[in-house]
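Next come the chains, spelled out residue by residue.
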Amino acid sequence: MPRPRRRNSLAHRRIAAEVNMTPLMDLTFVLLILFIITVPILDYKTDVVPPAMNTEATLPETDPEAIQVTLDSEGRCAINGTPVAVADLEAQMMALKGMGRRRVRIRASGERPYEEIVALLRPAKHCGLEVQLETRAE
């Protein structure tokens, strides 16, 4: 006598487990397009406001060990009172470092953009000098 077939054999129990990927891909492409459009519109500008001085202690006006770099409101740069181009700062600082100067004191006008002050910091760091930023009480 033939054996009766069982109803819940493996052939009948196999379930089709498919995930429809079309909606997921649609959502992915919509998000991709959204980010492609919005990222260039974002403004990455950061306003930097220097902290207020809360002490009466000040550094002496002249420091024989320091290189005094100034940036005036018109964007002119000077080392120890002598006008110099920003492109020549690193060479001038290296020469003064060879004469025993180890610090740079930067005094910049508050009217100048912060990028110009950073341009004064880079040569000093390349020369391995200690940098001091001067602020003035208002």
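Preceding this section is the structure that the text describes.
None of the values given here were measured: they were computed from a predicted structure.

A. Seen up close, the overall build of the chain. Scanning the chain for helices and strands turns up four helices and five strands. Along the chain, helices and strands appear, N-terminal first, in the series α-α-β-β-β-α-β-α-β. Counting only contacts in the chain whose residues sit at least 6 apart along the sequence, the fraction spanning at least 24 positions is 70%. With an accessible surface of roughly 11700 Å², the chain has 58% of that area assigned to carbon and sulfur atoms.

B. Highlighting the sheet that holds strand β2 (residues 77-79). Overall, mixed pairing links the five strands, which are arranged β3-β2-β1-β4-β5 in an open sheet. The open sheet has two free edges, formed respectively by β3 (82-83) and β5 (130-133), since each of these has just one partner strand. As defined by bridge partners, strand β1 (residues 66-71) adjoins strand β4 (residues 103-108) across six bridges and the pair is classed as parallel. The residue bridging isoleucine 67 from the neighbouring strand is valine 104, located in β4. Lying over the sheet, helix α4 (residues 114-126) contacts β1, β2, β4 and β5, oriented at roughly 155° with respect to β5.

C. Focus on the pattern of salt bridges. Scanning all chains against the criterion turns up three salt bridges. The salt bridge involving arginine 76 is made with aspartate 72; its shortest N-O contact spans 2.9 Å.

D. A look at unusual backbone geometry. In this structure, asparagine 80 takes a positive phi of about 50° despite not being glycine. Along the polypeptide, asparagine 80 turns up in the loop between β2 and β3.

E. Highlighting the pairing of β4. Sheet analysis places β4 next to β5, joined by four bridges and oriented parallel. The residue of β5 that forms the bridge with arginine 103 is glutamate 130. Regarding topology, α4 serves as the crossover connection from β4 to the parallel β5, and that connection is right-handed.

F. Representation of the pairing of β1 within the structure. Burial analysis of β1 places five of its six residues in the buried class, the great majority of the element. Count of turn residues in the β1/β2 antiparallel hairpin: five residues, of which glycine 75 carries a positive phi of about 95°.

G. Main features of the packing of helix α3 (residues 89-98) against α4. With their axes 9 Å apart at the nearest point, α3 and α4 run at an angle of 40° to one another. If you check the angle between α3 and α4, you find them oblique. Pair α3 / α4 crosses with right-handed handedness. Of the residues in α4, those touching α3 at Leu89, Glu90 and Met93 are Leu120, Pro123, Ala124 and His126. Among the residues making up the contact of α3 with α4, the classes are represented as five nonpolar, one polar and one charged.

Procedures and definitions
Throughout this document, residue positions are counted from 1 along each chain, in the order its sequence is written. With the structure being a predicted model, the display of local features is reserved for residues of pLDDT at least 70 and the display and counting of side-chain atom pairs for 80 or more, all residues being used for whole-chain, interface and lining totals. Excluding hydrogens and water, the side-chain values take into account all heavy atoms of the structure. A run of DSSP states H or I qualifies as a helix once it reaches four residues; a run of E qualifies as a strand once it reaches two. Both are numbered from the N-terminal end. It only takes one pair of heavy atoms within 4.5 Å for two residues to be counted as in contact. We get accessible surface area from the Shrake-Rupley algorithm with a probe of 1.4 Å; when it comes to residues, only the shown protein chains can shield them. In this scheme, strands are said to pair when DSSP sees at least two bridges between them. Every axis in this analysis is a line fitted to C-alpha atoms, fitted for helices over the stretch in contact. Angles between the N-to-C directions lie between 0 and 180 degrees. We count a salt bridge whenever a side-chain nitrogen from Lys or Arg sits within 4 Å of a carboxyl oxygen from Asp or Glu. Every crossover in which the path from the first strand over the helix to the second runs clockwise, viewed with the strands pointing away from the viewer, is termed right-handed. Burial classes: relative accessible area under 20% of the type maximum marks a residue as buried, over 50% as exposed, and values in between as partly exposed (1.4 Å probe, protein chains only). For classification purposes, angles smaller than 35 degrees are called roughly parallel, those larger than 145 roughly antiparallel, those between 65 and 115 roughly perpendicular, and all remaining angles oblique. It is the rotation of the near helix from the far one that decides the hand of a crossing: anticlockwise by less than a right angle makes it left-handed, clockwise makes it right-handed. Residues are sorted three ways: Asp, Glu, Lys and Arg are charged, Ala, Val, Leu, Ile, Met, Phe, Trp, Tyr, Cys and Pro are nonpolar, and all the rest, Gly among them, are polar.

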